[in-house]
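Observations on the model geometry
Now for the letters of each chain:
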Amino acid sequence: MKHKLFREQQLNCDVETAWKFFSSANNLSEITPKDMGFTVLTEMEDDEIYEGMLIDYYVSPLFGIKMKWQTEITHVDFQKSFIDFQRKGPYKLWNHHHEFIPNDEGVFNERYHTL
């Protein structure tokens, strides 16, 4: 069975700032709920995401059990959207779509997860 999780938020900044923050693997620990025990393992000097980029993590989604997780950036539309897909990890399926929509108040950030 597939499940879809939808999240949205209004960001009070320009699209350049939102993109730079949310597309940076170095910021993933800051935007992931603390109870996930999320740690980025991949060291990245250049913070620019690209299609085919692999990112390794530790995550503890259940009972504090540490698991390895790897995602691949499968699509990038600069300053508009990107998709990361689980290659290895705790979920049977993980496909995560991020979209950035400029508006009068800043940027609307939509995230869709298919689990």
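Residues numbered from 1 in each chain as written. Predicted model: local features only at pLDDT ≥ 70, side-chain atom pairs only at ≥ 80, totals over all residues. Heavy atoms only, no water.

Let us look at the packing of aromatic side chains. As enumerated under the stated definition, the model contains 13 aromatic pairs in all. Geometrically, the ring pair formed by Trp19 and Phe82 is edge-to-face, given 5.6 Å between the ring centres and 90° between the ring planes. Taken together, the positions of Trp19 in helix 1 (residues 15-22) and Phe82 in strand 5 (residues 81-88) put the pair 63 residues apart, joining distant regions of the chain. For Trp19, a relative accessible area of 4% corresponds to the buried category. On the basis of an interplanar angle of 25° and a centroid distance of 5.3 Å, the ring pair of Tyr91 and Trp94 is categorised as stacked. By relative accessible area, Tyr91 is classed as partly exposed at 24%. A connected cluster of aromatic rings, assembled from ring pairs, spans Trp19, Phe21, Phe22, Phe78, Phe82 and Phe100. Lys66 extends its terminal NZ or CZ atom over the ring of Tyr58, reaching a point 4.8 Å from the ring centre. (Phe/Tyr/Trp six-rings, centres within 6.5 Å; stacked < 30°, edge-to-face > 60°. Helix = DSSP H or I, 4+ residues; strand = E, 2+ residues; numbered from the N terminus. Buried < 20%, exposed > 50% of the residue type's maximum accessible area, 1.4 Å probe, protein only. Lys NZ or Arg CZ within 6 Å of the ring centre and 35° of its normal.)

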